[in-house]
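# Architecture at a glance
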Amino acid sequence: MGMLAWVMMGLALWHFTIFLPDRFWGGIVGAFLGALIGAIVCGLILNGGSVPGQDDTHLLTALEAIPGTVIGIAAVYYEGIRRESAAHA
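Residues numbered from 1 in each chain as written. Predicted model: local features only at pLDDT ≥ 70, side-chain atom pairs only at ≥ 80, totals over all residues. Heavy atoms only, no water.

### A word on the nonpolar core
Trp14, Phe24, Ala31, Ala35, Ile73, Val76 and Tyr77 together form the largest nonpolar core, which totals seven residues. Considering each element in turn, this core owes the most residues, three residues, to helix 4 (residues 66-88). Sequence-distant contacts of Ile73, defined by excluding residues within four places in its chain, comprise Leu13, Trp14, Thr17, Phe24, Ala31, Gly34 and Ala35. (Core = buried A, V, L, I, M, F, W, Y, C linked by side-chain atoms within 4.5 Å. Buried < 20%, exposed > 50% of the residue type's maximum accessible area, 1.4 Å probe, protein only. Helix = DSSP H or I, 4+ residues; strand = E, 2+ residues; numbered from the N terminus. Contact = heavy atoms within 4.5 Å.)

### As for the packing of aromatic side chains
Across all of its chains, the model carries four aromatic pairs by this definition. Relative to Phe32, the ring of Trp14 has its centre 5.0 Å away and its plane inclined at 75 degrees; by these criteria the two rings are edge-to-face. Of this pair, Trp14 sits in helix 1 (residues 2-14) while Phe32 sits in helix 2 (residues 27-46); the two residues are 18 residues apart in sequence, bridging distant segments of the chain. Assessed through its relative accessible area of 27%, Phe32 is described here as partly exposed. Ring centres of Tyr77 and Tyr78 lie 5.9 Å apart, and the angle between their planes is 80 degrees; on these two criteria the pair is classed as edge-to-face. The exposure class of Tyr77 is buried, given its relative accessible area of 15%. Three or more aromatic residues link up through ring pairs in this structure, and these residues are Phe24, Tyr77 and Tyr78. (Phe/Tyr/Trp six-rings, centres within 6.5 Å; stacked < 30°, edge-to-face > 60°.)

### Topic: the pattern of salt bridges
According to the stated counting rule, one finds two salt bridges in the structure shown. When the shortest N-O distance is used, the salt bridge between Arg82 and Glu79 registers 2.8 Å. Taken together, the residues span about one helical turn, with Arg82 and Glu79 both in helix 4 at a distance of three residues. Of the charged contacts, one joins Glu79 and Arg83 as a salt bridge, the two residues approaching to 2.7 Å between their closest N and O atoms. Here Arg83 and Glu79 lie together in helix 4, a separation of four residues that amounts to about one turn. Residue classification places Arg83 among the partly exposed residues on the basis of a relative accessible area of 40%. (Salt bridge = Lys/Arg side-chain N within 4 Å of Asp/Glu carboxyl O.)

### Notes on a nonpolar patch on the surface
Together, Ile28, Val29, Leu33, Ile37, Val41 and Ile45 line one region of the surface with nonpolar side chains, adding up to about 550 Å² of accessible area. Relative to the helices and strands, Val29 resides in helix 2. (Patch = residues over 30% accessible without salt bridge, like charges linked within 9 Å, V, L, I, M, F, W, Y side chains within 5 Å. Areas by Shrake-Rupley, 256 points an atom, 1.4 Å probe, with all protein chains shown as cover.)

### A word on helix 4
Over its 23 residues, helix 4 extends 33 Å from the first C-alpha to the last, a length consistent with the 33 Å expected when each residue adds 1.5 Å. Every buried residue belonging to helix 4 is among Gly68, Thr69, Gly72, Ile73, Val76, Tyr77, Glu79 and Gly80, and all of these are buried. Considering only its buried residues, helix 4 is in contact with helix 1 and helix 2. (Expected span 1.5 Å × (residues − 1).)

Written as structure tokens, this is what we have:
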């Protein structure tokens, strides 16, 4: 259940990328993958490599994915900017 909470939080935050210029590496799909991978990795790191079960899942479990989602989206965004500027040079 913890994995579901992390993925849903990553998906929810990914929806806000429509307010940013589309400079993501891979477009909106790249932003989607960055958000999901970031959310899952951060959740696993914060839980010591284990996924909380149904009885251990709380509201804070979903909130654990926020930093990873933001980092994942930012990484894909800056990689897209880097590749775009390299192509113009």
